[in-house]
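Letter by letter, the chains look like this.
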Amino acid sequence: MATDTRTRMIQATALLLRRRGYHGTSLNDILSASAAPRGSLYFHFPGGKDQLVIEVTRASVAEVTERLGAALAAEKDPAVAVHHIYQSVARMLEENEFSLGCPIAPVVLDAPNDVPDLAEICRSAFEQWIGLLREAFVRAGVAERRAQALALLVESSLEGLMVIARATRDRAPLAIVADEVAALVESAVLAGKVAQRADAVV
């Protein structure tokens with residue numbers, strides 16, 4: 001079925017991008033991995049490789065955004081939520097045997113500036129993810145500026161830890177940093193509550 005071919009191409013491209021990035025993923029790689037005839041690529045994606053990669057990357061970003069939002073919404077305490085997020089990333093790495101990390105990091109590292117729409121999706125992805133974290137911290141009482149810094153810290157540490165865990169084939173670094181970052185978030189929340197009470201008294 002045509003739909004099956006399209007789905008196979010999307011799934012194959014998503015996997016290849018996470019392993020090889022944009023420039024390391026060729027049309028032949030995609031066709032071979034999806035067992036699709038060459039003509040089917042332009043039938044389903046008239047814009048060729050760029051259209052396919054953009055669609056796949058947009059879907060990957062949406063999936064991560066949904067999961068992150070759900071994880072933050074599931075816990076009233078953002079420190080607990082953050083700890084769970086680190087644990088979830090660790091499980092993901094173990095399940096794929098440390099072969100896959102962030103779905104857009106390889107694309108970013110490939111510097112796809114010659115595909116502006118793709119570069120914008122990647123830029124916007126980090127903006128969304130950091131924004132979700134910041135909003136969760138602000139809701140818990142953390143001052144806006146501190147919340148932004150903490151959100152950036154969480155996101156950047158997760159990205160770096162995925163690389164370290166893949167290199168060492170060990171989830172331990174994620175567990176260690178999870179405890180430290182969760183403690184920082186908890187401290188920021190407590191400080192925010194103290195400041196709010198002081199403002200209320202004044």
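Keep in mind that what you see is a predicted model, and the values were worked out from it rather than measured.

Participant: Whenever I open this one, the pattern of salt bridges confuses me. Can you help?
Facilitator: Pairs can form between side chains of opposite charge once their charged atoms are near each other. Using the criterion set out here, one finds 7 salt bridges in the structure. Note that Arg20 is salt-bridged to Asp29, the shortest N-O span being 2.9 Å. The exposure class assigned to Asp29 is partly exposed, which follows from its relative accessible area of 23%. We note a salt bridge from Glu144 to Arg134, for which the minimum N-O separation is 3.3 Å. One end of the pair, Glu144, is in helix 8 (residues 144-168); the other, Arg134, is in helix 7 (residues 116-139), and 10 residues separate them in sequence. Note on Arg134: relative accessible area 22%, which makes it partly exposed.

Participant: I would appreciate a short explanation of the packing of aromatic side chains in the present structure.
Facilitator: Applying the stated criterion to the full structure yields 1 aromatic pair. With 5.5 Å between their ring centres and 80 degrees between their planes, Phe126 and Trp129 make a pair best called edge-to-face. Of this pair, Phe126 and Trp129 both sit in helix 7, 3 residues apart, roughly one helical turn. According to the relative accessible area criterion, Phe126 is partly exposed, its value standing at 22%. Residue placement shows Lys49 over the ring face of Tyr22; its charged tip is 4.2 Å from the ring centre.

Criteria and cut-off values
- Residues numbered from 1 in each chain as written.
- Predicted model: local features only at pLDDT ≥ 70, side-chain atom pairs only at ≥ 80, totals over all residues.
- Heavy atoms only, no water.
- Salt bridge = Lys/Arg side-chain N within 4 Å of Asp/Glu carboxyl O.
- Buried < 20%, exposed > 50% of the residue type's maximum accessible area, 1.4 Å probe, protein only.
- Helix = DSSP H or I, 4+ residues; strand = E, 2+ residues; numbered from the N terminus.
- Phe/Tyr/Trp six-rings, centres within 6.5 Å; stacked < 30°, edge-to-face > 60°.
- Lys NZ or Arg CZ within 6 Å of the ring centre and 35° of its normal.

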